[in-house]
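A closer look at the structure
Chain by chain, the residues:
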Amino acid sequence: MDRIRIVGGQALNGVIPISGAKNAALPLMIASLLTDATLTLDNVPRLADGAQLLRILGNHGVDYRIDGKRPGDHPTAGQTVHLDARRIVDTTAPYELVSRMRASFWVVAPILARMGEAKVSLPGGCAIGTRPVDLLIMALERLGAEIEIEAGYVIARAPRGLRGGEIDFPKVTVGGTHTALMAASLAHGHTLIKNAAREPEVVDLADCLIKMGAKIKGAGTSEIEVEGVSRLGGARHAVLPDRIETGTYAMCVAMAGGDVLLQGARPDLLQNALDMIALSGASVAVTPEGVRVARKGGAIAPVNVTTEPFPGFPTDLQAQFMALMTRADGESRIRETIFENRFMHVQELARFGARIRLDNDVAIVTGVKTLKGAPVMATDLRASACLVIAALAAEGETMVNRVYHLDRGFEHLEQKLAGCGAIVERLASPG
Ligand code: EPZ
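Here the structure is a predicted model, which is why all the values come from computation and not from measurement. (Residues numbered from 1 in each chain as written. Predicted model: local features only at pLDDT ≥ 70, side-chain atom pairs only at ≥ 80, totals over all residues. Heavy atoms only, no water.)

What to know about the sheet that holds strand β24 (residues 423–427)
Spatial ordering of the open sheet is given by β22-β23-β1-β24, a layout of 4 strands whose pairing is mixed. This sheet does not close on itself; its edge strands, each paired only once, are β22 (375–377) and β24. Averaged over all pairs of adjacent strands, the angle between strand axes in this sheet comes to 20 degrees, irrespective of strand direction. Relative to β24, strand β1 (residues 3–7) is paired through 5 bridges, and the arrangement is antiparallel. Following the sheet pairing, Val-7 is matched in β24 by Ile-423. Against the sheet, helix α12 (residues 381–393) touches β1, β22 and β23 (397–401), its axis set at about 30 degrees to β1. (Pairing = 2+ DSSP bridges. Helix = DSSP H or I, 4+ residues; strand = E, 2+ residues; numbered from the N terminus. Axes fitted to C-alpha atoms, helices over the stretch in contact; angles between N-to-C directions. Contact = heavy atoms within 4.5 Å.)

Okay, here's the thing in structure tokens:
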């Protein structure tokens, strides 16, 4: 298994191009199942999760083509992927494929809406909590689906098609909102989604569905209305920039010091996190090319954060912010309200000498003057990024093991950091 070696203590200076968002690209790719025409997606990041989803879509009969590089293309420019689900050859998403990536469960909505039936393995637990799918099932039932759970599979049927209805989510769910949007787009009649997720990735999916011919109003607010259509067509859509990648690199700079332009970043997608980074003492400036983050000396100030659905502080940046706070000049409190078990990184941060204690859903971080490099283990995707942040400021060498987690969601991480002066290299596994 590959490892990443980082020698801390270098300030970061330069430009980091921001990739397309993983969490937008995945539902957009899944939306290709809604149409027999070609869906072309631009700015798709090269990530292990995307490759895995292509395997899953391929199993359902989706043909895909990825454009190669052309002269003059920027080395980190996103890919263009053409997806063609002319014929869905299999309505089952098997355990072996779905268990490796939770978002693949979302194929249930388009397959059911288009084919009248779908059988999809339950995704199971993962490192950040139990993560049930009861609300996704509830949404499909509200649209007239009959659901059975058998031998670990969700079997959804709507032989006469889905029909519009009212879906009132008791809790904000991104995947539930994606599911409802895709299913309602091809249902007969009108659907009202209440307490919908307002995340930018939901808006990106809705924008693409609208280009495909869907009738959707209110995406980005907590009430979305969908007027079902009988068929969706092809479209071309560019994936929005990754706000979590943006926030992660912003925190790298806030931690290591220096001055970096996050090229192509959209500040409106993570205003709350940028405000917290600014409160910690970094300067954050919006420029025509993106977001510029700098910290020139001075202490890191302690800042309390609470994770919340968008537009609040994202849970997907909680681990990274905790890493930054380990070197703050004082005590900060980080409350996780989205997932019940998203503190796996605490024990790994302790290996750098960080002082963190847990009190239920709150991590109390007492900043220390120095972190020391150590061998550490990535436990999940965002937790891995937090170890990189700590390593950038730690004295000496850190070896991050199990970096396949990073490869799931961060494109060209070593190149992007090394391009700004970090001492970072990937060590391929022997054999
Ligand atoms: C999406 O997951 C993201 N994944 C996650 O990013 C992100 O952390 C999460 O949204 C919250 O922002 C993708 O977009 C691929 P949810 P999702 O449904 O949709 C509970 C990353 O690192 N819930 O919004 O699965 C759930 O347990 C990943 O990129 C139910 O109770 O999350 C959680 O407490 C990790 N029942 C809360 O809702 C359900 O049926 C929010 O989860 C569904 C969810």
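A word on the pairing of strand β19 (residues 331–335)
Of the two faces of β19, the one lined by Ser-332 and Ile-334 is fully buried and the one lined by Glu-331, Arg-333 and Arg-335 carries no buried residue. Sheet topology note: the strand β18 (residues 305–306)/β19 ladder contains 2 bridges and is parallel. Along β19, the bridge assignment pairs Val-305 with Ile-334. Where β19 meets strand β21 (residues 362–366), 5 bridges bridge the pair, whose relative direction is antiparallel. Bridge assignment links Ile-334 to a residue of β21, and that residue is Ala-363. (Buried < 20%, exposed > 50% of the residue type's maximum accessible area, 1.4 Å probe, protein only.)

Side note on unusual backbone geometry
Following Phe-310, the chain continues to Pro-311 via a peptide bond in cis, the omega torsion being 10 degrees. We note that Asn-360 has phi near 55 degrees; this positive angle belongs to a residue other than glycine. Within the secondary structure, Asn-360 sits in the loop between β20 (355–359) and β21. Assessed through its relative accessible area of 70%, Asn-360 is described here as exposed. Even without glycine at this site, Arg-402 takes up a positive phi of about 60 degrees. As for its position among the elements, Arg-402 is in the loop between β23 and α13 (404–409).

Focus: the packing of helix α4 (residues 108–115) against helix α6 (residues 174–185)
Put simply, α4 and α6 touch, their axes get as near as 8 Å, and they point 15 degrees apart. Here α4 lies roughly parallel to α6, going by the angle between them. Seen from above, α4 lies across α6 with right-handed handedness. Judged by residue contacts, Ala-109, Pro-110 and Ala-113 of α4 engage Thr-179, Met-182 and Ala-183 from α6. When grouped by side-chain class, the residues that make up the contact of α4 with α6 number 5 nonpolar, 1 polar and no charged. (Parallel < 35°, antiparallel > 145°, perpendicular 65-115°, else oblique. Left-handed = near helix turned anticlockwise from the far one by under 90°. Nonpolar A, V, L, I, M, F, W, Y, C, P; charged D, E, K, R; others polar.)

A short note on the pattern of salt bridges
Tallying each qualifying case throughout the model produces 22 salt bridges. For Lys-22, the salt bridge identified is with Asp-49, shortest N-O distance 3.7 Å. Placement of the pair is Lys-22 in helix α1 (residues 22–31) and Asp-49 in helix α2 (residues 48–60), with a sequence separation of 27 residues. Lys-22 gets classed as buried once you look at its relative accessible area, which sits at 8%. When the shortest N-O distance is used, the salt bridge between Arg-46 and Glu-411 registers 2.9 Å. One end of the pair, Arg-46, is in the loop between β3 (38–44) and α2; the other, Glu-411, is in the loop between α13 and α14 (413–418), with 365 residues separating them in the sequence. Taking the relative accessible area as the measure of exposure, Arg-46 reaches 29% and is therefore partly exposed. (Salt bridge = Lys/Arg side-chain N within 4 Å of Asp/Glu carboxyl O.)

Some words on the site of the ligand
Asp-134, Leu-135, Asp-316, Ile-338 and Arg-382 are the nearest of the 24 residues found near the ligand. At 2.7 Å from a nitrogen atom of the ligand is found a side-chain nitrogen or oxygen belonging to Asp-134. Thr-173 is positioned with one of its side-chain polar atoms (N or O) 2.7 Å from an oxygen atom of the ligand. Calculation on the ligand without its partners gives an accessible area of 830 Å², and the protein chains cover 91% of this total. (Near = heavy atom within 4 Å. Polar contact = N/O pair within 3.5 Å; in protein donor to acceptor, adjacent residues only side chain to side chain. Areas by Shrake-Rupley, 256 points an atom, 1.4 Å probe, with all protein chains shown as cover.)

Notes on α4
In terms of burial, α4 is largely enclosed, as 6 of its 8 residues are buried. Looking only at α4, the buried set comprises Val-108, Ala-109, Pro-110, Ile-111, Leu-112 and Ala-113. The inward-facing, buried residues of α4 abut α1, α2, β7 (117–121), α5 (134–142), β9 (153–157) and α6. A positive backbone phi angle near 85 degrees is found at Gly-116, which sits one or two residues after α4.

A short note on the side chain of Glu-245
Inspection of the secondary structure assignment puts Glu-245 in helix α8 (residues 243–256). Within the structure, the side chain of Glu-245 is placed 2.7 Å from the backbone nitrogen of Ser-19, a separation counted as a polar contact. Excluding anything up to four places from it in sequence, Glu-245 contacts Pro-17, Ile-18, Ser-19, Phe-410, Glu-411 and Lys-416.

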